[in-house]
Amino acid sequence: RSNAGEAMAWSESVDTLLANKDGLAAFRTFLKSEFSEENVEFWLACEDFKKTKSSSKIASKAQRIYSDFIQADAPKEINIDFHTKTHISRNISEPTLRCFDDAQRLIYSLMAKDSFPRFLRSEAYKELVKKQQNGNQKRWLPFL
């Protein structure tokens, strides 16, 4: 169960939103409604990838991220510039934990500047805030 005001705190920054399980779930649902959930899925895949310890897993995870999000006609292809895509394509045969950093930064920026403000203006977000505010009032005023 969410803490009172938690949904309101998500409006502080995209980082606050992405770091919160419920906030992330709400943001993903919103992005799905806009047909752009591949952005947050890519960002999450990169966050997971950067924590990889085993060198054999680095190669297989990098290949999966590449085939899911980067290569032409990928099932969840993200919108990144030609230069970034080419750089990743050239280096995917010998991936490092930082090989997706530029693309991840671009997608993060896109979410922060574009998707996140629209999420904060969405009816879904406003409803979450309202529910939490109503729930908070009832907790403090049991006679309501």
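One can find the structure itself at the top, above this paragraph.
Quick summary incoming for the structure in this document. Small disclaimer: the values here were computed from a predicted structure and weren't measured.

## A closer look at the overall build of the protein chain
Move 1: Secondary structure assignment for the protein chain yields eight helices and zero strands.
Move 2: Mapped in sequence order, the helices and strands of the protein chain form the string α-α-α-α-α-α-α-α.
Move 3: For 144 residues, the compact-globule estimate of 2.2 N^0.38 gives 15 Å, and the protein chain exceeds it by more than 25% at 18 Å.
Move 4: If one aligns the C-alpha atoms of the protein chain with their principal axes, the spans along those axes are about 65 × 30 × 20 Å.

## Observations regarding the environment of Ile 78
Move 1: The residue Ile 78 is located in the loop between α5 (55-70) and α6 (82-91) in this model.
Move 2: Along the sequence, Ile 78 and Arg 121 sit 43 residues apart, while their C-alpha atoms lie 24 Å from each other.
Move 3: Other than its neighbours up to four places away in sequence, Ile 78 contacts Glu 38, Asn 39, Phe 42, Phe 69, Ile 70 and Ile 107.

## Some remarks on the packing of helix α3 (residues 21-33) against helix α7 (residues 101-121)
Move 1: Where α3 meets α7, the axes come as close as 10 Å, and the angle between the chain directions of the two elements is 95 degrees. Compared by their axis directions, α3 and α7 come out roughly perpendicular. Note on element contacts: α7 touches α3 through Met 111, Ser 115, Phe 116, Arg 118 and Phe 119, opposite Ala 26, Phe 27, Phe 30 and Leu 31.
Move 2: Here the residues of the contact of α3 with α7 sort into seven nonpolar, one polar and one charged.

## Description of unusual backbone geometry
Move 1: The phi dihedral of Phe 35 falls on the positive side, at around 60 degrees, and the residue is not glycine.
Move 2: Turning to its location among the elements, Phe 35 is positioned in the loop between α3 and α4 (37-49).
Move 3: On the basis of relative accessible area, Phe 35 is assigned to the exposed category, the value being 71%.
Move 4: Within the chain, Asp 73 stands out as a residue other than glycine whose phi angle is a positive 65 degrees.
Move 5: Relative to the elements of secondary structure, Asp 73 occurs in the loop between α5 and α6.
Move 6: Residue Asp 73 is classed as exposed on the basis of its relative accessible area of 71%.

## Quick word on the pattern of salt bridges
Move 1: Summed over all chains, the structure comprises twelve salt bridges.
Move 2: Linking Arg 98 and Asp 101 is a salt bridge whose minimum nitrogen-to-oxygen distance equals 3.3 Å.
Move 3: The exposure class assigned to Asp 101 is buried, which follows from its relative accessible area of 10%.
Move 4: Asp 102 is the partner of Arg 105 in a salt bridge, and the nearest nitrogen-oxygen pair spans 2.5 Å. With Arg 105 and Asp 102 both in helix α7, this residue pair falls three residues apart, about one helical turn.
Move 5: Overlapping salt bridges bring together Arg 28, Glu 41 and Lys 76 as one network.

Basis of the calculations
Residues numbered from 1 in each chain as written. Predicted model: local features only at pLDDT ≥ 70, side-chain atom pairs only at ≥ 80, totals over all residues. Heavy atoms only, no water. Helix = DSSP H or I, 4+ residues; strand = E, 2+ residues; numbered from the N terminus. Rg over C-alpha atoms; globule rule 2.2 N^0.38 Å. Contact = heavy atoms within 4.5 Å. Axes fitted to C-alpha atoms, helices over the stretch in contact; angles between N-to-C directions. Parallel < 35°, antiparallel > 145°, perpendicular 65-115°, else oblique. Nonpolar A, V, L, I, M, F, W, Y, C, P; charged D, E, K, R; others polar. Buried < 20%, exposed > 50% of the residue type's maximum accessible area, 1.4 Å probe, protein only. Salt bridge = Lys/Arg side-chain N within 4 Å of Asp/Glu carboxyl O.

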